[in-house]
Amino acid sequence: MFEIKYLRQNLSNIKKAIENRNADINLETFIQYDSKRKSILTELEELRYRRNLVSDEIAALKKQKENSDHIIKQMKEVAGKIKELEKSLNKNEEILNKILFNIPNIPHESVPIGKNSEQNKVIKKAGNIPEFDFTPKAHWTIGKDLKIFDFERAAKITGARFPLYFGTGAKIERALINFMLDTHTTKHGYTEVLPPFIVNRNSLISTGQLPKFEEDLFKIEGLDYFLIPTAEVPVTNIHQNEIISEEDLPVKYTAYTPCFRSEAGSYGKDTKGLIRQHQFNKVELVKFVTPEDSYNELESLLCDAETILQELKLPYQVIVLCTGDLGFSAAKTYDIEVWLPSQKTYREISSCSNFESFQAKRGKIRLRRKNKKKLEAPHTLNGSGLAIGRTVAAILENYQQKDGSVIIPEVLRSYLGGIKEIKP
RNA sequence: GGAGAGAUGGCCGAGCUGGCUGAAGGCGCUCGCCUGCUAAGCGAGUGUGUGGUUAAAGCUGCACCGAGGGUUCGAAUCCCUCUCUCUCCGCCA
């Protein structure tokens, strides 16, 4: 979110940025209500000033036991006028906020300008794409043959797009969660967090999922609570409405949570397998940093996520999202995409973003510098490190053997009682 | 679920028979003095947001004492609603 003042002063920049995003925001309305706000406020503050002065007078008169009825009578009118103005100011403020909270973040200057995902840029390829002397199977077939997951039964329990793992399948999920958390806490210096899986409206507004994207969320009936679409929401909101000292930065958290997404508008896409589910597990990385460090911190966040794929020896590529594909709150985003042999393509497995001060401002997270009076907004970042279900899919597909078995990546074996492969 | 207590500045904590309280006191922090270092001591300063003015420091208006509404000329203080925290009882993984 932008402060009104900033928006007023940088209108043309923001306009251009929004155009680059293919977003549609009516800034003319903003200007209109902004100037209205100013005129109401000026009048209101003058009246309040007068009221405060006269109130003191009345107090003084009363103290001297003198009559003040005539002034009080006068002030009654002023009080009425004040109330009126306050009402219209509130209304005006509501409209302004609605506009303000619907304006997306400005892309960083290093973000390529583009219309959609086709203009994203590949910036790195890593790992070896496996070669097969047979036709590699899709992970849902492998999983079914190995009897480690069962989507039909999951649909019976709940509905389409819910996971149900058995035996080694369930264990691999758990092993991956532990492996990732262990790596990030011991090697990368993150503090492990286990947050609530249900959050209130305000938290979702802070991180930017609301007010625009309510249809993507699962809402709890009868309460203004939602299932989290990502750990980013509860974890970023840990410091909502707080002042963080400069010397405490960077703050780095990692959290495992399930994620719940309604996937509205994605019907017919990725209907099979683990790629697009209503519920999936994820290990998330979240950072609070000083503005001057945030782009370096984005690079290291990306590295931290990449490490997991390197250790699992899975081939991947890194892309930088273009302006048209950038998420609402992000100023810059790298996606890591893992190779899926059955689809002969790379699929997103992590998304690492710098939100700059966008979320901090919405969530009133502030930064106190060591020798400065004025408070600033810290920058927030987050990234998946990684999505667990998609990692399982990638392991199954990349490590599959001709006989239908799947080799377990070495780093995971100690988490799985030492087994080296899953056999049919 | 029932009964009660509470929510004040970076933290702790007064005020709550309405006006002199943006808020005592303490801690912390900053600056200065002092002691050869450290600790202690002394003095001054120190909330947030937003507007005006200024080259700047500063001065200054308004708002904010959990959130929202109400009463009043005037509310941290009174009333209502909501949220959260704590204590006791009940129930429970």
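Residues numbered from 1 in each chain as written. Chains lettered and ligands numbered in written order. Predicted model: local features only at pLDDT ≥ 70, side-chain atom pairs only at ≥ 80, totals over all residues. Heavy atoms only, no water.

Undergrad: Any chance you could explain the pairing of strand β9 (residues 332-340) here in plain terms?
TA: Both faces of the sheet carry side chains from a regular strand, because those side chains alternate between them. Burial analysis of β9 places nine of its nine residues in the buried class, which makes it a mostly covered element. In terms of strand pairing, strand β8 (residues 316-320) meets β9 through five bridges, oriented antiparallel. Within the sheet, the bridge partner assigned to Gln317 lies in β9 and is Glu337. By the bridge criterion, nine bridges tie β9 to strand β10 (residues 345-354) in an arrangement that is antiparallel. In the strand pairing of β10, Asp335 is matched with Ser351. (Buried < 20%, exposed > 50% of the residue type's maximum accessible area, 1.4 Å probe, protein only. Helix = DSSP H or I, 4+ residues; strand = E, 2+ residues; numbered from the N terminus. Pairing = 2+ DSSP bridges.)

Undergrad: How should I be thinking about helix α10 (residues 294-312) in this particular structure?
TA: In an α-helix, one full turn covers 3.6 residues, which means residues spaced three or four apart are oriented alike. Here α10 is 19 residues long and its end C-alpha atoms lie 28 Å apart, about the 27 Å a rise of 1.5 Å per residue gives. Buried residues of α10: Ser294, Glu297, Leu298, Leu301, Leu302, Asp304, Ala305, Glu306, Thr307, Ile308, Leu309 and Leu312, and no others. Positive phi appears at Lys313, one or two residues downstream of α10, with a value of about 55°. (Expected span 1.5 Å × (residues − 1).)

Undergrad: Even after reading the chapter, I still don't get the packing of helix α3 (residues 27-63) against helix α4 (residues 69-101), so can you show me in this structure?
TA: The description of two helices packed together rests on the angle between their axes and the distance between the axes. Two numbers describe how α3 lies on α4: the axes approach to 8 Å, and their chain directions differ by 150°. Overall, the two elements α3 and α4 adopt an arrangement that is roughly antiparallel. Helix-helix and strand crossings are classified by hand; for α3 and α4 the assignment is left-handed. The class makeup of the residues in the contact of α3 with α4 is 20 nonpolar, three polar and 11 charged. (Axes fitted to C-alpha atoms, helices over the stretch in contact; angles between N-to-C directions. Parallel < 35°, antiparallel > 145°, perpendicular 65-115°, else oblique. Left-handed = near helix turned anticlockwise from the far one by under 90°. Nonpolar A, V, L, I, M, F, W, Y, C, P; charged D, E, K, R; others polar.)

Undergrad: I tried to follow unusual backbone geometry on my own but got confused; where do I start?
TA: With the exception of glycine, the majority of residues adopt a negative phi angle, and the majority of peptide bonds are in the trans configuration. For the peptide bond that leads from Leu210 to Pro211, omega is 5°, which places it in the cis range. Mapped onto the elements of the fold, Pro211 is located in the loop between α8 (201-207) and β4 (225-227). Of the consecutive residues Gly385 and Leu386, the connecting peptide bond is found in the cis state with omega at 15°. For Glu356, which is not glycine, the phi torsion reads 50° and is therefore positive. Topologically, Glu356 is positioned in the loop between β10 and α11 (358-362).

Undergrad: When you look at the domain arrangement of chain A in this model, what are you seeing that I'm missing?
TA: By a widespread convention, an interface's size corresponds to the accessible area lost as its parts come together. Domain annotation for chain A reports domain 1 (4-101) and domain 2 (117-422). For domain 1 versus domain 2, the separation of C-alpha centres amounts to 43 Å. Roughly 610 Å² of surface becomes buried between domain 1 and domain 2 when both sides are summed, with 47% attributable to carbon and sulfur atoms. Sorting the residues of domain 1 by area buried against domain 2 places Asn20, Arg21 and Phe101 first, and these three jointly supply 87% of that buried surface. Joining domain 1 to domain 2, the criterion identifies zero salt bridges. Counting across the interface, domain 1 meets domain 2 through five residue pairs in polar contact (both at pLDDT 80 or more). Residue composition of the side of domain 1 that touches domain 2, grouped by class: one nonpolar, two polar and one charged. (Domains from an automatic or database assignment. Buried area = accessible area lost by both parts, 1.4 Å probe. Salt bridge = Lys/Arg side-chain N within 4 Å of Asp/Glu carboxyl O. Polar contact = N/O pair within 3.5 Å; in protein donor to acceptor, adjacent residues only side chain to side chain.)

Undergrad: Even after reading the chapter, I still don't get the environment of Glu86, so can you show me in this structure?
TA: Take Glu86: it is sitting in helix α4. Sequence separation between Glu86 and Leu41 is 45 residues, and the spatial gap between their C-alpha atoms is 8.6 Å. For Glu86, the residues in contact, after removing those within four places along its chain, are Leu44 and Arg48. (Contact = heavy atoms within 4.5 Å.)

Undergrad: Before we go on, may I ask you to explain empty space enclosed by the protein in this structure?
TA: Empty pockets left among the atoms are what a rolling probe the size of a water molecule brings to light. Inspection of the entire model under this criterion finds one cavity of 30 Å³ or more. Considered as a void within the structure, the largest cavity measures approximately 30 Å³ in volume. Considering the residues around the largest cavity, the lining is formed by Ser206, Thr207, Thr236, Asn237, Gln240, Gln359, Gly363 and Ile365. Of the residues belonging to the lining of the largest cavity, the class tally is one nonpolar, seven polar and no charged. (1 Å grid on protein atoms, 1.4 Å probe; cavity = no way out; pocket = protein on both sides within 12 Å on 5 of 7 lines; lining within 4 Å. Points joined across faces, edges and corners; volume = space filled by probe spheres on them.)

Undergrad: How do you make sense of the packing of aromatic side chains when you look at a structure like this?
TA: For any pair of aromatic rings, the description consists of the separation of the ring centres together with the inter-plane angle of the planes. The tally for this structure, following the rule as stated, stands at eight aromatic pairs. Seen in terms of ring centroids, Phe132 and Phe134 are 5.3 Å apart; in terms of plane orientation they differ by 70°. Their pairing is edge-to-face. Owing to a relative accessible area of 22%, Phe132 belongs among the partly exposed residues under this scheme. Taken together, the aromatic side chains of Phe149, Phe151 and Tyr165 make up a single cluster linked through ring pairs. Sitting above the plane of the Phe226 ring, Lys219 keeps its charged end 5.4 Å from the centroid. (Phe/Tyr/Trp six-rings, centres within 6.5 Å; stacked < 30°, edge-to-face > 60°. Lys NZ or Arg CZ within 6 Å of the ring centre and 35° of its normal.)

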